Amino acid sequence: MDAERLHNGAVANSVAGTAEHWDEAYGHGDSTRGWYQTRPAASLRMLDRCSVTPEAGVIDVGGGASTLVDALLARGHTDVTVLDISAAALAIAQRRLEANAIRVEWQVVDLVQWQPERTYGVWHDRAVFHFLTTAHARHRYFQALRDATGPGAVAVIATFAPDGPEQCSGLPVARYSPSELAAQFGSRWKIIAEDREEHTTPAGAVQPFTWAAFRR
Ligand SMILES: C[S@@+](CC[C@H](N)C(=O)[O-])C[C@H]1O[C@@H](n2cnc3c(N)ncnc32)[C@H](O)[C@@H]1O
């Protein structure tokens, strides 16, 4: 299929992987997945560098079963949304959080087809944008980002670095340096922090990540 020639949500979905793909991946549990981490240290470091406070409305797009939501609740955040295409992923996080799960807004939706109904002060994306390997899918992503944020909002993004793996969860990814991410985000978003992380997967592989934070 020539994804670039088609102009509907199904294209972007097929590029990023279907809900079935991700439900199947999480069906093996989250702690064996390559992106698993017990503590979202790099995310929290970037949020601190952006001076994010607990009052900020935060959305973790493609948050899956990430422990970022646990860390945000522990920090006193009261307005946290986790969005993911995989209901199975969110169910893992909800089970882990037990009663605290009701303190979180959960959205099962394909990000590249999503129409936000409100805005957030902080957009967090660890390892989702890099699945968008067509201009069309990235355009959809930036439409959602624009509609989900206002002036002054922060976007914290992590992708595989240029020397990172070419695939994640069996899907091809695009790899970025901070300046390449800045070029994607465009002049509306000013880069305010960047980092590099050597993530060690549960199987022991090292995956270089690029982190970048932007302010709108
Ligand atoms: C590599 S995992 C990273 C998960 C999480 N951000 C973390 O750091 O643990 C990618 C996540 O993006 C989700 N995802 C992939 N494509 C998506 C899409 N089009 N819309 C929403 N979520 C998507 C997957 O279900 C999965 O949870």
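The numbers attached to residues start from 1 for each chain and follow its sequence in the written order. A pLDDT threshold of at least 70 governs which residues receive local features in this predicted model, and a stricter bar of 80 or more applies before side-chain atom pairs are shown or counted, although totals over entire chains, interfaces and linings include all residues. Excluding hydrogens and water, the side-chain figures rest on all heavy atoms present in the structure.

Notes on the overall build of the chain
Counted only if it meets this: Put simply, DSSP marks the helices as runs of H or I at least four residues long and the strands as runs of E at least two long, and each gets a number from the N terminus on. Computation of the radius of gyration draws on C-alpha atoms, with the globule rule given as 2.2 Å multiplied by the number of residues to the power 0.38. Think of it in three bands: with a 1.4 Å probe and only protein chains considered, a residue is buried below 20% of the maximum accessible area for its type, exposed above 50%, and partly exposed in between. Note on contacts: a residue pair qualifies if any of its non-hydrogen atoms lie within 4.5 Å across the two residues. Using a 1.4 Å probe, the Shrake-Rupley method yields the accessible areas, and only the shown protein chains count as cover for residues. Residues scored as charged are limited to Lys and Arg (positive) and Asp and Glu (negative), so that His and the chain ends carry no count. By convention, charge coordinates are those of NZ in Lys, CZ in Arg, CG in Asp, or CD in Glu.
In terms of regular secondary structure, the chain is built from 7 helices and 9 strands. Whereas a compact globule of 216 residues would reach a radius of gyration of roughly 17 Å, the chain reaches 16 Å, a difference of no more than 12%. Principal-axis analysis of the C-alpha atoms gives the chain an extent of 45 × 40 × 35 Å. For the chain, the residues scored as buried account for 53% of the 216 residues in total. Restricting the contact set of the chain to residue pairs at least 6 apart, pairs at least 24 apart contribute 70%. Of the roughly 9600 Å² of accessible surface on the chain, 49% is carried by carbon and sulfur atoms. Side-chain charges of the chain comprise 20 positive and 25 negative groups, with the mean position of each set lying 5 Å from the other.

Focus on helix 2 (residues 19–26)
The condition is simple: By arc we mean the arc of the directions from the helix axis to the C-beta atoms, nothing more.
For helix 2, the set of buried residues is Trp22, Ala25 and Tyr26. Considered in projection along helix 2, the buried side chains sweep an arc of 90° and stay on one side of the axis. Facing away from the buried side of helix 2, by more than 90 degrees, are the exposed residues Glu20 and Glu24.

Thoughts on the pairing of strand 4 (residues 120–126)
For clarity, the cut-off: In this scheme, strands are said to pair when DSSP sees at least two bridges between them. A crossover counts as right-handed when, viewed with the strands pointing away from the observer, the path leading from the first strand over the helix to the second turns clockwise.
Within strand 4, 6 of the 7 residues are buried, which leaves the element mostly enclosed by the surrounding structure. Bridge count for strand 1 (residues 58–61) against strand 4 is 3 bridges, and the pairing is parallel. If you follow Val58 over to strand 4, its bridge partner there is Val122. The handedness of the strand 4 to strand 5 (residues 149–160) crossover, carried by helix 6 (residues 135–147), is right-handed.

Some points on the nonpolar core
What counts here: Put simply, a nonpolar core is a bunch of buried Ala, Val, Leu, Ile, Met, Phe, Trp, Tyr and Cys residues held in one set by side-chain atoms that sit within 4.5 Å of each other.
Grouped together as the largest cluster of nonpolar side chains are 43 residues, with contacts concentrated most on Trp22, Leu47, Trp106 and Val156. Breaking this core down by element, the ones donating at least two residues are helix 2, helix 3 (41–49), helix 4 (68–74), strand 2 (80–84), helix 5 (87–97), strand 3 (104–108), strand 5 and strand 9 (206–215). Leaving out residues up to four positions away in the same chain, Trp106 has contacts with Val69, Val82, Leu90, Ala93, Gln94, Leu97 and Ala101.

Overview of unusual backbone geometry
Positive phi, close to 55°, is recorded for Ser51, a residue that is not glycine. Here Ser51 is to be found in the loop between helix 3 and strand 1. A positive phi angle, near 70°, is found at Ala127, a position not held by glycine. Note on Ala127: relative accessible area 11%, which makes it buried.

Side note on the site of the ligand
Our working rule: The cutoff for a nearby residue is simple: one of its non-hydrogen atoms must lie within 4 Å of the molecule or strand. Polar contacts, as used here, are pairs of N or O atoms within 3.5 Å; protein pairs need one atom able to donate a hydrogen and one able to accept it. Residues neighboring in sequence count only if both atoms are side-chain atoms.
As a matter of local geometry, the ligand sits amid 20 residues, with Tyr26, Asp84, Asp110, Leu111 and Arg126 nearest to it. Side-chain polar atom of Asp84 to an oxygen atom of the ligand: 2.5 Å apart, as the coordinates give it. One nitrogen or oxygen atom from the main chain of Leu111 is found 2.8 Å from a nitrogen atom belonging to the ligand. Starting from 590 Å² of accessible surface for the ligand in isolation, the protein chains cover 98%.

A few points about helix 7 (residues 178–185)
Listed in full, the buried residues belonging to helix 7 are Pro178, Leu181 and Phe185. For helix 7, the angular spread of the buried residues around the axis is 60°, confining them to a single face. Exposed and oriented more than 90 degrees from the buried face of helix 7 are Ser179 and Ala183. In this fold, the buried residues of helix 7 make contact with helix 6, strand 5, strand 8 (190–200) and strand 9.

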